[in-house]
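Remarks on the overall topology
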Amino acid sequence: MRFLAMGEDRFLSIILDLSDTMYAVALAITQVPDDARDAVQESVSRLWASRHHLDRVSNVEGYCVRITQNVAIDIVRHRNGAVGLGPVAEQMHADTSPGPHVRMEIDEEYAKMQKCMAMLPENYRQALMLRAECNYTFEQIAEVLEVTEDNARQLLSRARKKLKEIYLTYNI
């Protein structure tokens, strides 16, 4: 799919083909259907505004997913007032049964993990989120990040290693 000779009909055709994928990515990140729809709408708006430059995009699906992912992350950050880590960390954070002491420890670990994720380079953070939050395969991650599949594997490996390193050396 390419945005050659971009007209309204061609743009709508491409966006309609990708809308389910864009929604799935946004929902995986935001975990709220209304926020996911908002993310897709904002992404389409941004794509429309830059449609005259889109003919240079070689991987349209990856480009649209990347924009949707960034918008969804922005929505989560705005909603939480901090770096959003998605449902995995939120489940850890939302434990319902512990006492105050355990709850305080969980809150501290959650805050520590947020800070560690924020310290990662953007490409590491995106690769980890695509794998952990969206359950993307290495092939899908490679497509979204516009790298080879081997590079996606290596990027994830380095991201995990760097996150562990930051986590172990981070002192509050």
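Up top is the structure these notes are about.
Residues numbered from 1 in each chain as written. Predicted model: local features only at pLDDT ≥ 70, side-chain atom pairs only at ≥ 80, totals over all residues. Heavy atoms only, no water.

1. Looking at the overall build of the chain
Tallying secondary structure elements over the chain gives eight helices and zero strands in all. Secondary structure elements of the chain occur, N-terminal to C-terminal, as α-α-α-α-α-α-α-α. Within the chain, the fraction of its 172 residues that count as buried is 39%. In the chain, the proportion of contacts linking residues at least 24 apart, taken out of those at least 6 apart, comes to 62%. Carbon and sulfur atoms provide 51% of the accessible area of the chain, an area that totals close to 9800 Å². (Helix = DSSP H or I, 4+ residues; strand = E, 2+ residues; numbered from the N terminus. Buried < 20%, exposed > 50% of the residue type's maximum accessible area, 1.4 Å probe, protein only. Contact = heavy atoms within 4.5 Å. Areas by Shrake-Rupley, 256 points an atom, 1.4 Å probe, with all protein chains shown as cover.)

2. With respect to the packing of aromatic side chains
By the definition in use, this model includes zero aromatic pairs. A cation sits over an aromatic face here: Lys 112 above Tyr 167, 4.3 Å from the ring centre. Note that Arg 131 overlies the ring of Phe 138, its terminal NZ or CZ placed 4.2 Å from the centroid. (Phe/Tyr/Trp six-rings, centres within 6.5 Å; stacked < 30°, edge-to-face > 60°. Lys NZ or Arg CZ within 6 Å of the ring centre and 35° of its normal.)

3. Notes on the environment of Thr 148
Its place among the elements puts Thr 148 in the loop between α7 (138-145) and α8 (149-169). C-alpha of Thr 148 to C-alpha of Phe 138: the two residues are 10 residues apart in sequence and 9.1 Å apart in space.

4. Describing the packing of helix α5 (residues 100-119) against α8
α8 packs onto α5 with a crossing angle of 130° between their chain directions and a minimal axis gap of 9 Å. As far as their axial angle goes, α8 and α5 are oblique. Where α5 crosses over α8, the handedness of that crossing is right-handed. On α8, the residues that touch Glu 109, Lys 112, Met 113, Cys 116, Met 117 and Met 119 of α5 are Leu 163, Ile 166 and Tyr 167. Classifying every residue of the contact of α5 with α8 gives seven nonpolar, no polar and two charged. (Axes fitted to C-alpha atoms, helices over the stretch in contact; angles between N-to-C directions. Parallel < 35°, antiparallel > 145°, perpendicular 65-115°, else oblique. Left-handed = near helix turned anticlockwise from the far one by under 90°. Nonpolar A, V, L, I, M, F, W, Y, C, P; charged D, E, K, R; others polar.)

5. Considering unusual backbone geometry
A positive phi is found at Gln 31, a non-glycine position, where the angle reads about 65°. Structurally, Gln 31 can be placed in the loop between α1 (8-30) and α2 (33-49). Notably, Glu 146 is not glycine yet its phi reads approximately 60°, a positive angle. Within the secondary structure, Glu 146 is located in the loop between α7 and α8.

6. Observations regarding the pattern of salt bridges
Scanning all chains against the criterion turns up five salt bridges. Across the pair Glu 42 and Arg 46 runs a salt bridge whose closest N-O atoms are separated by 3.0 Å. Residue Glu 42 and its partner Arg 46 are located together in helix α2, separated by four residues, close to a single helical turn. Given the relative accessible area of 35%, Glu 42 is considered partly exposed. Across the pair Lys 162 and Glu 165 runs a salt bridge whose closest N-O atoms are separated by 3.6 Å. (Salt bridge = Lys/Arg side-chain N within 4 Å of Asp/Glu carboxyl O.)

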